[in-house]
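Architecture and fold: a report
Spelled out from the first residue to the last, the chains are:
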Amino acid sequence: MLSPKKVKYRKKQKGRTKGKAYRGNTLEFGDYGLQALECGHMTAQQIEAARIAVTRHVKRGGKVWIRTFPDKPIGKKPAETRMGKGKAAPDKWVAVVKPGRILYELEGVPESVAGEAFRLAGHKLPFATRFITRRI
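In terms of nonpolar packing, the biggest core is built from 20 residues, with M42, L103, Y104, L106 and F118 touching the most fellow members. Listed by contribution, the elements that provide at least two residues to this core are β1 (32–36), α1 (44–57), β5 (90–97), β6 (102–107) and α2 (111–122). Ranked by residues supplied to this core, first place goes to α2 with four residues. If we ignore the near neighbours within four places in the chain, the residues touching F118 are Y32, G33, L34, V54, Y104, E105, L106 and F131.

Taken together, the side chains of R10, K11, K14, R16 and K87 define a basic patch exposed on the protein surface. The topology assignment puts K87 in the loop between β4 (72–75) and β5. Of the residues examined, K87 reaches a relative accessible area of 48% and is grouped as partly exposed.

The next point concerns the sheet that holds strand β2 (residues 40–43). Across the sheet, which stays open at both edges, the three strands sit in the order β2-β5-β4 with antiparallel pairing between neighbours. Because the sheet does not close on itself, it has two edges, and the strands there are β2 and β4. Pairwise comparison of adjacent strand axes, ignoring direction, gives a mean angle of 50° for this sheet. Across four bridges, the pairing between β2 and β5 is antiparallel. Bridge assignment links T43 to a residue of β5, and that residue is V94. Lying on the sheet, α1 is in contact with β2 and β5; it crosses β2 at an angle near 70°.

Another aspect to go through is the pattern of salt bridges. This structure, assessed with the given rule, holds four salt bridges. Close ionic contact of D31 with R134 constitutes a salt bridge, the shortest N to O distance being 3.8 Å. Here R134 lies in the segment after β7 (129–133) and D31 lies in the segment before β1, a separation of 103 residues in the sequence. When its relative accessible area of 32% is taken as the criterion, D31 is described as partly exposed. The class for R134 is partly exposed, based on a relative accessible area of 31%.

The rules behind each value
Residues numbered from 1 in each chain as written. Predicted model: local features only at pLDDT ≥ 70, side-chain atom pairs only at ≥ 80, totals over all residues. Heavy atoms only, no water. Core = buried A, V, L, I, M, F, W, Y, C linked by side-chain atoms within 4.5 Å. Buried < 20%, exposed > 50% of the residue type's maximum accessible area, 1.4 Å probe, protein only. Helix = DSSP H or I, 4+ residues; strand = E, 2+ residues; numbered from the N terminus. Contact = heavy atoms within 4.5 Å. Patch = residues over 30% accessible without salt bridge, like charges linked within 9 Å, V, L, I, M, F, W, Y side chains within 5 Å. Areas by Shrake-Rupley, 256 points an atom, 1.4 Å probe, with all protein chains shown as cover. Salt bridge = Lys/Arg side-chain N within 4 Å of Asp/Glu carboxyl O. Lys, Arg positive; Asp, Glu negative; His and termini not counted. Charge placed at Lys NZ, Arg CZ, Asp CG, Glu CD. Pairing = 2+ DSSP bridges. Axes fitted to C-alpha atoms, helices over the stretch in contact; angles between N-to-C directions.

What follows is the structure, given as structure tokens:
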């Protein structure tokens, strides 16, 4: 799974997921992309599951770029623990996603194959996505 090698602070505040992505919202590497339409958190497991869905559908053809990285720790308290006693220890890593963000890019396959691969990948993610292509 993806996770940072080193972070400045072990725990982070939740923050608010609102607004639009003004960075990372254009295709930079591939010809096709998967774009987020809603705010949300993408866990490292979800990023990996969607990547596997894409690579399996294109039968390891083409090139895939992952444009997000989980750099925010999310804590979770153990089951049957009373409230209080401070902030929970980090449990998983998430990437904060805003609408417009490009999540994956793909090149080297036909448009129909890329569209189906990204449709399958979108089912692994916790928010709505859409398939986009480079305008030539």
